[in-house]
Amino acid sequence: MKTEKLTIIPPGRPLSGRVSPPGSKSITNRALLLAGLAKGTSRLTGALKSDDTRYMADALRAMGVTVEEPDGTTFVVTGTGELKPPAAPLFLGNAGTATRFLTAALALGKGRYVVDGDEHMRKRPIKPLVEALQSLGVSIEAPTGCPPVTIDATGAFARNRVVIDAGLSSQYVSALLMAAACAAEPFDIELAGADIGARGYIDLTLSAMRAFGATVTQPTPASWRIEPTGYTATDFHIEPDASAATYLWGAEVVTGGSIDIGTPSGDFTQPDARAHEVIAAFPRMPAVIDGSQMQDAIPTIAVLAAFNETPVRFVGIANLRVKECDRIRALSTGLNNIREGLAEEQGDDLIVHSDPALAGQSLPADIDTFADHRIAMSFALAGLKIRDITILDPGCVAKTYPGYWDALASLGVHYTQG
């Protein structure tokens, strides 16, 4: 979507039809890395083709991995079991998964690697992961605590145990888990404290690792032991993206429609799928919603909450402040642009002062997406019920769901472009 802004025309009727969400970003980027670390050829089907996965694929290519794309949902990856130092810094845009996962994996490479991103990625913290790798004897620096990260790798860790603070992001743990299978001896990872970002993403990581031949055990709820198996090339199918599904579930309930996404909510293994139960309760969603284990679904639910019968407080969402943007601030800003006082921040909680009477009104509002795909896609739901909702920088959805606006259009949603 090349246009600078998109104004949604409320359909005025229930949205019904069939839309297949793209493949999971989280699983695609895990599978790409594991296939790149494996010896031999892996075929990844059902994959997401978007900005985030393109950055990962291009980084692998820059390090000697062959990545072919025979069709729109398949990667064929042929690796040699090592990632060679690239000729230039690896540019990963604002792809948090690619940046964190590669940082740990490259610590077991040989030579100099620089991991960098765009202006938004350069504000996203990576210090806990860098400090964990430094404790393993890795020569690694990130002077600002965010990318760029410079790694001078020797091919091994000096120690076989690490303690990591995962309070800011579970991706730090996933990054170390995936790298550890390529170490020279059994490796132990332990959490510093009980706090961890969405733990369900750790389960996604372990499932993908095991599919590529890794052996991982969990002696305690806060520790893992990884055997030095390396990875074996395999064929791997990627399920649809549960975070993307939340927008379609939201469009269904807010318009009273029936949208078939082709996958029952119970068949997803991604943590954001638990949002289905909350969304299905609309317009009587709970008064308090804990977003700690479904963080990427919170923007969807927060916009739906504007039309709920009763106010909603979102808790456990502090990590949303260090995503692609400060999503708590972006949500409160956007909701208050629609109507002043619709949302407020209390510390790291977000309160949405719901009002079903918003539906059907004309409330002109320009929604600043802060270049964040999830802000753009969530606020589209407001435009299904309120006239004159304009999404700025609608093309940012290409990060994870390039076909989003076309998907809504296929259900009968129309837009004006500016």
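In case you missed it, the structure is sitting above this.
Residues numbered from 1 in each chain as written. Predicted model: local features only at pLDDT ≥ 70, side-chain atom pairs only at ≥ 80, totals over all residues. Heavy atoms only, no water.

## Describing unusual backbone geometry
- Note the cis peptide between proline 147 and proline 148, where omega equals 10 degrees.
- Within the secondary structure, proline 148 is located in the loop between β8 (139-141) and β9 (149-154).
- With an omega of 10 degrees, the peptide bond running from phenylalanine 282 to proline 283 counts as cis.
- Topologically, proline 283 is positioned in the loop between α8 (275-280) and β16 (288-290).
- Unusually for a residue other than glycine, alanine 371 sits at a positive phi of about 60 degrees.
- Note on placement: alanine 371 falls in the loop between β20 (362-367) and α11 (373-383). (Helix = DSSP H or I, 4+ residues; strand = E, 2+ residues; numbered from the N terminus.)

## Overview of helix α7 (residues 242-255)
- For α7, with 14 residues, the first-to-last C-alpha span of 20 Å sits near the 20 Å given by 1.5 Å per residue.
- With 13 of 14 residues buried, α7 is to be regarded as a mostly interior element.
- For α7, the N-terminal cap is aspartate 241; the gap from its side-chain oxygen to the backbone nitrogen of serine 243 is 2.9 Å.
- Directly beyond the C-terminal end of α7, a positive phi value near 70 degrees is found at glycine 256. (Expected span 1.5 Å × (residues − 1). Buried < 20%, exposed > 50% of the residue type's maximum accessible area, 1.4 Å probe, protein only. Polar contact = N/O pair within 3.5 Å; in protein donor to acceptor, adjacent residues only side chain to side chain.)

## Some details on the nonpolar core
- Core analysis: the biggest nonpolar cluster contains 79 residues, and Leu44, Leu177, Met209, Trp224, Ile226 and Tyr231 have the highest contact counts within it.
- For this core, the element with the most residues is helix α5 (residues 171-180), which contributes eight residues. (Core = buried A, V, L, I, M, F, W, Y, C linked by side-chain atoms within 4.5 Å.)

## Some points on the sheet that holds strand β19 (residues 349-352)
- If you walk across this open sheet you meet the four strands as β16-β17-β19-β18, and the pairing is mixed. Both outer strands of the open sheet, β16 and β18 (343-346), are each paired with one neighbouring strand and no more. Within the sheet, the average angular offset between the axes of one strand and its neighbour, ignoring direction, is 20 degrees.
- Across three bridges, β16 lies against strand β17 (residues 312-315) in parallel orientation. Bridged to valine 288 within β17 is arginine 313. (Pairing = 2+ DSSP bridges. Axes fitted to C-alpha atoms, helices over the stretch in contact; angles between N-to-C directions.)

By themselves, these are just geometric observations and shouldn't be taken as functional.
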